[in-house]
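Summary of the model geometry
One letter stands for each residue in the lines below.
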Amino acid sequence: MALTNLMRTNDAVVLGLAESLLKDAGIHFFVADRSMSVMEGSLGLLPRRLMVDADREADARVILSEAGLGKELEPE
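Our subject in this report is the structure included herewith. None of these values were measured; they are calculated from a predicted model.

1. Examining the sheet that holds strand S2 (residues 29–32)
Strand order in the open sheet made by the 3 strands is S1-S3-S2, with antiparallel pairing throughout. Of all strands in the sheet, those bounded by a partner on one side alone are strand S1 (3–9) and S2. Pairwise comparison of adjacent strand axes, ignoring direction, gives a mean angle of 25° for this sheet. Examined bridge by bridge, S2 and strand S3 (residues 48–53) share 4 bridges and lie antiparallel to one another. For Phe-30, the partnering residue across the bridge sits in S3 and is Met-51. Across the sheet, helix H1 (residues 12–24) lies against S1, S2 and S3, angled at about 15° from S3, the strand it touches most. Sheet strands in contact with helix H3 (residues 57–66) are S1 and S3, and its direction is about 25° off that of S1.

Conventions used here
- Residues numbered from 1 in each chain as written.
- Predicted model: local features only at pLDDT ≥ 70, side-chain atom pairs only at ≥ 80, totals over all residues.
- Heavy atoms only, no water.
- Pairing = 2+ DSSP bridges.
- Helix = DSSP H or I, 4+ residues; strand = E, 2+ residues; numbered from the N terminus.
- Axes fitted to C-alpha atoms, helices over the stretch in contact; angles between N-to-C directions.
- Contact = heavy atoms within 4.5 Å.

In short, shape yes, function no, at least from these values alone.
Have a look at this one:
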C-alpha cells in the first residue's frame, strides 16, 4: 500500500475533522508526526501529516473539499 500526503496542518481541529470525515467514508488514513508534540513540548508548532492510500486520494480530496477543507490540502 502506497501512502500519499494529503494534508499538513498543526491545527488540531482541522485534523480531527478530516480524520472523522475519512473514517465515516471508510477511507483508511495515517497521521504522521503526531508524536512530535512530545519533542516540541506540546506547543503545536510542527505540522502533522494526514496520509491516505494513493488509490483513495481522489475520493479523500473530494470529501474534504466538500467539507470546506480544500484550502488545507496539499497541491496535487
